[in-house]
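# An overview of the molecular structure
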Amino acid sequence: MDSMVAHAEYLRSPQAEIDDNARLVEGFKYLEPTLIENWPQALRNMSFPSRSIILSRVDILALGSNMFELAEYFIERYGVSYRMPISGIVQKIDVLTKDWADGFVVKLGGRTPKDTMAWYKSNGRARNSKEAMRFLLDCSERMMEDCLLFLAVDKAPRIWLREWMYIPPWAEFRCMLFNKQLKAISQYEYQKFFPELLKYRKSIEDAIVEFSQGFATASHIDDVVFDVYCFLVGDKWHVRLIELNPATTLTDPCLLSYSDIKEWRPSLLIVEKPPAAI
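Described below are features of the structure shown in this document. (Residues numbered from 1 in each chain as written. Predicted model: local features only at pLDDT ≥ 70, side-chain atom pairs only at ≥ 80, totals over all residues. Heavy atoms only, no water.)

## Topic: helix α5 (residues 71-78)
Taken residue by residue, α5 has Ala71, Phe74 and Arg77 as its buried positions. Considered in projection along α5, the buried side chains sweep an arc of 140° and stay on one side of the axis. Counted as exposed and oriented over 90 degrees from the buried face of α5: Glu72 and Glu76. Just past α5, the residue Gly79 takes up positive phi, approximately 70°. (Buried < 20%, exposed > 50% of the residue type's maximum accessible area, 1.4 Å probe, protein only. Helix = DSSP H or I, 4+ residues; strand = E, 2+ residues; numbered from the N terminus. Arc of directions from axis to C-beta.)

Rendered as structure tokens:
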């Protein structure tokens, strides 16, 4: 009991905030180059049409103060009011997305709020600013963590808005680039079996390998984890860049294992059969 009380007191202390900020600043060194605003234009051309809103420190605090079930943390830590105004952000989202009739995807910094029920139910597609804000504020620990990160490093993050395109779960892949060389490829949804991947495995692998050559040339990062979407037009496979991730062990390797990194090969790893029935 004494240790629990001591830990609770530590979490409320100024030292806890100092320690937490130091950890966030250290991690940001690896994250910062992967943020879309730092991509060279050649990489942006390989991805989806995107637009952004630059947030001030007040904007970040306003988002935090409106987060369902998480706002109290921002109120206690930063002394802000509950539900600070966010209408300016809402209006900018409306302006930037008015010509995207099929909707859009919203990200804060480098991540989507995919840990929310609202995101899950809509498959991540926002059709208006109200839905986009629900994703960002609906008790998303990912969005809370990113707000705290940008407050700690004193950087201006962006809300990124990406034109909607449906990506079938089987068609997204995680790729490992080290020293500007493609080292490994894994299906992204690695806990599921997809018959499409058995059918198209070699064709998708060839398309990603070819894409990686242009990607490596354009990339400003020698070691990076990048996610792609593969789709078929006629009889030709195309590849679209989704996002970049830091090349650290904190990034999920999907079907790969960091303990076997020396054995990695640029061949597509997939779940080859349905899981056994329990």
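## Re the state of the cysteines
Should the sulfur atoms of two cysteines be covalently bonded, the bond is a disulfide. Applying the stated criterion across every chain, the model contains zero disulfides. A disulfide-free cysteine, Cys175 has its sulfur positioned 7.4 Å from the sulfur of Cys230, the nearest such atom. On the accessibility criterion, Cys175 (0% relative accessible area) is buried. The thiol of Cys254 is not disulfide-bonded; the next cysteine sulfur, from Cys175, is found 9.7 Å away. (Disulfide = S-S within 2.5 Å.)

## Re helix α8 (residues 129-137)
Taken as a whole, α8 has its buried residues at Ser129, Ala132, Met133, Phe135, Leu136 and Leu137. The secondary structure elements touched by the buried residues of α8 are α4 (57-65), α6 (87-97), β2 (104-108), α7 (117-122), α9 (141-153) and β3 (158-163). The distance from a side-chain oxygen at the start of α8 to the backbone nitrogen of Lys130 is 3.1 Å, and the residue carrying that oxygen is Asn128. Following α8 by one or two positions, Cys139 adopts a phi angle in the positive range, close to 55°. (Contact = heavy atoms within 4.5 Å. Polar contact = N/O pair within 3.5 Å; in protein donor to acceptor, adjacent residues only side chain to side chain.)

## Regarding the sheet that holds β3
The strand order across the open sheet formed by three strands is β1-β3-β2, and the pairing between neighbours is antiparallel. The sheet is open, and its two borders are formed by β1 (50-54) and β2, each paired with just one other strand. Across the sheet, the mean angle from the axis of one strand to that of its neighbour is 20°, orientation sign disregarded. Where β1 meets β3, five bridges bridge the pair, whose relative direction is antiparallel. Bridge assignment links Ser50 to a residue of β3, and that residue is Arg162. On the sheet, α6 packs against β1, β2 and β3 and is oriented at approximately 160° with respect to β1. (Pairing = 2+ DSSP bridges. Axes fitted to C-alpha atoms, helices over the stretch in contact; angles between N-to-C directions.)

## Digging into the sheet that holds strand β4 (residues 172-178)
On the basis of which strands lie adjacent, the open sheet formed by five strands has the order β7-β6-β4-β5-β8 and mixed pairing. The outermost strands of the open sheet, each flanked by one partner alone, are β7 (236-246) and β8 (268-269). In this sheet, β7 lies alongside strand β6 (residues 224-233) in antiparallel orientation, the contact comprising 10 bridges. In the strand pairing of β7, Phe226 is matched with Leu244.

Keep in mind these numbers describe shape, not what the thing actually does.
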